[in-house]
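Chain by chain, the residues run as shown.
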Amino acid sequence: MVASPLVPRYPEGAGIVVVASPIFTPAKGFITDPDLTLLGLIQVSYLWPGDTDPRTGARSTGTFDYGGVHSVNILRDVLRFAANRNARQEWPVCCLHDLHPTLVGELGVYAFADAGIAAIRALSLYGSQFQGLQYFIGREVPSVDTLSAMETGYYNDAGQPVENPFYVYPTNFSFGSLTLNYTNLRWDPTYTSSYSKAAGRPYLDLDGNGKISAGDFIFDGQIPVMFGKTLLLHCPDASLAE
C-alpha cells in the first residue's frame, strides 16, 4: 500500500518511509498508524505472506514464516521498490517514482517493537542493496541495548510505584547487567493480571507463606502471547519452569 500526502509539502517531491510490519503480534493488514502522510511523506506498507488486509481485502500469497528468510526477503524487495530500484522483474511497476514524484535519496524505515527485529535483519543482510536509505527509526525495538526490566519495579494501575525490595540502586545496577536476588522466587499458576490474559505469574514470596499475599512482590505487567504460547521469564529454579 502506497499512501501519499493530500497536500504536497515540498514542490520537488516527497520523502518516503517504509513502515515495517510486526512479526510477533497480528498486523491486522496494512499499517496506517502512525499516519506519516500528515508530515508530507509517502508511506509504504506491506503484508507478510498469508496476511490479509481487512479493509481492502488485499491478500499476500504464501505462508508466514514468523520473520524468517521469506519475510526478510519481502521487506528487502519493498525497500528496493521504495528506493526506486526494480525489486522484482515481474512487477508491473518498475519503481515508486513511476507512481509518485519522490525525493530520491530521502528514504527511511520506521519500526515499532517486534517489527524492528525484521527490519534490522533486512538491513544487516541486504544493507548494500538499499542505496538511498538514509535513516532507521526503531521505537521500543527489543534488539537494541535499551534496558527495560520490570523485575526492578513498576507502576501499578493507580500510578503508585511498586518496588522490588531486593533491588538497590546504584549498588545492583551496571550498564551490562542487573544484580537481583531470586531466593524467594515462587510461581502461582492461578494468578491473573489486568494487563494480560496469560494465567500464572512468578513472584517473590517475601513473607514465606507459600502463596501470593499483601506485601509480596509480583512480577506483573504485560506478558506477550505469541502464536498461542505465553512468553514467561526464565526461572533459575528448574521446579518453577512450568
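Everything below is about the structure printed above this text.
Since the model is a prediction, treat every value here as computed from it, not as a measurement. (Residues numbered from 1 in each chain as written. Predicted model: local features only at pLDDT ≥ 70, side-chain atom pairs only at ≥ 80, totals over all residues. Heavy atoms only, no water.)

Structural notes on the overall build of the protein chain
So the rule is basically this: The helix and strand labels rest on DSSP assignments: H or I over at least four residues marks a helix, E over at least two residues marks a strand, and numbering proceeds from the N terminus. Exposed residues in this analysis have more than 50% of their type's maximum accessible area, buried residues have under 20%, and partly exposed residues fall in between, with area computed by a 1.4 Å probe over protein chains only. Two residues qualify as a contact provided that any one of their heavy atoms is within 4.5 Å of a heavy atom in the partner residue. Per-residue accessibility takes into account occlusion by the displayed protein chains alone, with areas from the Shrake-Rupley method and a 1.4 Å probe.
Along the protein chain, the regular secondary structure elements total 2 helices and 12 strands. N-terminal to C-terminal, the α/β element order of the protein chain is β-β-β-α-β-α-β-β-β-β-β-β-β-β. Sorting the 242 residues of the protein chain into buried and exposed places 40% on the buried side. When contacts within the protein chain are restricted to residue pairs at least 6 apart in sequence, those whose partners lie at least 24 apart make up 59%. Surface summary for the protein chain: the accessible area is close to 14,100 Å², and the carbon and sulfur share equals 55%.

Concerning helix α1 (residues 69-82)
Operational definition: For a helix, the expected span equals 1.5 Å multiplied by the residue count minus one.
Here α1 contains 14 residues, and its C-alpha end-to-end distance of 20 Å stays within 8% of the 20 Å for a straight helix at 1.5 Å per residue. Burial runs high along α1: 11 of the 14 residues are buried. Turning to α1, its buried residues are S71, V72, N73, L75, R76, D77, V78, L79, R80, F81 and A82. Of the residues flanking the end of α1, it is N84, one or two places downstream, whose phi is positive at about 65 degrees.

Some words on the sheet that holds strand β10 (residues 217-218)
The following threshold applies: Two strands make a pair as long as DSSP finds a minimum of two bridges between them.
If you trace the 3 strands from one edge of the open sheet to the other, you get β8-β9-β10, paired in antiparallel fashion. Edge positions in the open sheet fall to β8 (185-192) and β10, since each of these has one partner strand only. The pairing of β8 with strand β9 (residues 199-204) spans 5 bridges and is classified as antiparallel. The residue of β9 that forms the bridge with L185 is L204.

Section: the nonpolar core
Selection rule: Among buried residues, those of type Ala, Val, Leu, Ile, Met, Phe, Trp, Tyr and Cys that are joined through side-chain atoms within 4.5 Å constitute a nonpolar core.
In this structure, V18, Y46 and L75 are the most contacted members of the largest nonpolar core, which totals 24 residues. Put simply, the parts of the chain that give this core at least two residues each are β2 (14-19), β3 (42-44), α1, β4 (102-112) and α2 (115-126). Those residues in contact with Y46 that sit more than four places away from it in its chain are V18, V19, A20, S21, F30, I74, L75 and V78. Counting residues in each nonpolar core, the second largest holds 8 residues, with Y154, L185, L204 and F217 among its members.

Let's talk about the pairing of β2
The element β2 is extensively covered by neighbouring structure, given that 6 of its 6 residues are classed as buried. Pairing analysis gives 3 bridges linking β2 to β3, with the strands arranged parallel. In the sheet register, V18 faces β3, and the bridge partner there is V44.

With respect to the packing of aromatic side chains
Quick reminder of the rule: By convention, a stacked pair of Phe, Tyr or Trp rings (six-membered ring in the case of Trp) has centres within 6.5 Å and planes under 30 degrees apart, an edge-to-face pair has planes over 60 apart, and any other such pair is tilted. Either the NZ atom of lysine or the CZ atom of arginine qualifies as a charge over a ring when it sits within 6 Å of the ring centre and within 35 degrees of the ring normal.
In total, this model carries 6 aromatic pairs according to the counting rule given. Between Y169 and F173, the aromatic rings sit 5.5 Å apart at their centres with planes inclined by 55 degrees, giving tilted as the arrangement. Its relative accessible area of 26% is what places F173 among the partly exposed residues. An aromatic cluster of at least three residues, connected via ring pairs, comprises Y154, Y182, F217 and F219. Taking NZ or CZ as reference, R76 lies 4.8 Å from the ring centre of Y126, over its face.

Notes on unusual backbone geometry
With an omega of 10 degrees, the peptide bond running from D33 to P34 counts as cis. Omega for the peptide link from Y169 to P170 comes to 5 degrees, which places this bond in the cis form. In this fold, P170 is placed in the loop between β7 (161-163) and β8. For Y66, which is not glycine, the phi torsion reads 60 degrees and is therefore positive. Tracing the sequence through the fold places Y66 in the loop between β3 and α1. Positive phi outside glycine occurs at A113, with the angle close to 55 degrees.

Digging into the pattern of salt bridges
Rules: By convention in these notes, a salt bridge is any Lys or Arg side-chain nitrogen within 4 Å of a carboxyl oxygen on Asp or Glu.
By the definition in use, this model includes 1 salt bridge. Note that R76 and D77 form a salt bridge whose closest N and O atoms lie 3.1 Å from each other. Among the residues examined, R76 registers a relative accessible area of 19% and is labelled buried.

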